[in-house]
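The residues making up each chain are set out below.
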Amino acid sequence: MKVTIYDVAKEANVSIATVSNVINKKGRIGEKTRRRVHEAMEKLNYEPNILASALTGKQTKTIGLIIPDLANPFFSELARSIEDRAHELSYNIVICSTDYQEEKENKYISLLKQKRVDGFILASGFENLERVKELMNEDIPVVIVARDYPNFSINAVALDDYMGGYQAANHLLQLGHKNIGFIALDLYSNRERIRGFKDALNEHHIELRNDLHFIEDKKQNLVKAGNISAEKYLQSEEIPTAIFACNDLLAIGAIQVIRDAGLSVPEDISIVGFDNTNIATIVDPPLTTMSQPIQRMGREVMDLIISIFKGERDDEVRITLVPDLVKRKSTQEV
């Protein structure tokens, strides 16, 4: 038979209310009593019924995190950062990866609502604004991370993608590059990066190439997508002297193809990535990239959603973080 709170109370020789207070971290419970209850729970392998707590209006201490691609190191590192901060705050994270598919987004949101999660963190790539509105209309706390909806009132921890593109362009311009290719998934954040990139080129009276490679199949392996885009640039009439890839996996795919073609990075073509994930340091050559503050982003979004749970936020909060250029060995002067 399943162990109940009554069994724990009997084993610890305390009241049911005392066991409940220990589980929910409420009331003034002495350390010896608290330890005795925990020992009884461990001995009996007792697990609190979180769903039952939710049905009585209590928090489940669980947050749904929906990300588009767990295979992308940026999202796996972001999820780890969020989970680490959640653990510090005694919350649990349920992670769902959607492969950029709206069908999966809807499926996981419905599933997590049935599990009575306290709120949702939606990561970059979540384009279904109507679904977000539905959650907010149901008074379910929602925070967006690693992207923004600029014309929509919502809590968000975002990156200044425009400035990221602007800085990446300026780095290559300072090295003397004028013929620069661009590889990106067709997402809002990347469109902002290209906007910043283009503005930096315009300031130097340089036109952006018209053969930008936007990858529309978001389910495609990103290293492979980088391979394909780089191959197209190598087959073009004017091979670029530099390529800006909007994430590190695309950049690595480009490096592979360039080297397989008998060319060198950065001697023949410089490469700049975006994200500064762990793989940026182990690729050969080590990747120059725009660094997202992933650890801070994870902590900020957890702290923000907890403050919403506590009723400390009346108005929307938008936290915008700025990326930094990390110079390594994949770029050099023309």
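Residues numbered from 1 in each chain as written. Predicted model: local features only at pLDDT ≥ 70, side-chain atom pairs only at ≥ 80, totals over all residues. Heavy atoms only, no water.

**Some points on the sheet that holds strand β6 (residues 180-185)**
Reasoning step 1: Ordered by their spatial adjacency, six strands build an open sheet running β7-β6-β8-β9-β10-β12, and the pairing between neighbours is mixed. At either margin of the open sheet sits one strand with a lone partner, and together these are β7 (213-215) and β12 (324-326). Each adjacent strand pair in this sheet contributes to an overall mean axis angle of 15°, direction not counted.
Reasoning step 2: Relative to strand β9 (residues 270-275), strand β8 (residues 242-245) is paired through three bridges, and the arrangement is parallel. Across the sheet, residue Ala242 finds its bridge partner in β9, namely Ser270.
Reasoning step 3: Set on the sheet, helix α8 (residues 161-174) makes contact with β6, β8, β9, β10 (288-291) and β12; between it and β9 the angle comes to about 160°. (Pairing = 2+ DSSP bridges. Helix = DSSP H or I, 4+ residues; strand = E, 2+ residues; numbered from the N terminus. Axes fitted to C-alpha atoms, helices over the stretch in contact; angles between N-to-C directions. Contact = heavy atoms within 4.5 Å.)

**Digging into the packing of aromatic side chains**
Reasoning step 1: Under the criterion given, the structure shown has nine aromatic pairs.
Reasoning step 2: Between Phe182 and Phe214, the ring centres sit 6.2 Å apart and the planes meet at 50°, which makes this aromatic pair tilted. With Phe182 in strand β6 and Phe214 in strand β7, this pair connects stretches of sequence that are 32 residues apart.
Reasoning step 3: By the ring-pair criterion, three or more aromatic residues cluster together here, those being Phe182, Phe197, Phe214, Phe244 and Phe274.
Reasoning step 4: Positioned above the aromatic ring of Phe274 is the side chain of Arg193, whose terminal nitrogen or guanidinium carbon lies 3.7 Å from the ring centre. (Phe/Tyr/Trp six-rings, centres within 6.5 Å; stacked < 30°, edge-to-face > 60°. Lys NZ or Arg CZ within 6 Å of the ring centre and 35° of its normal.)

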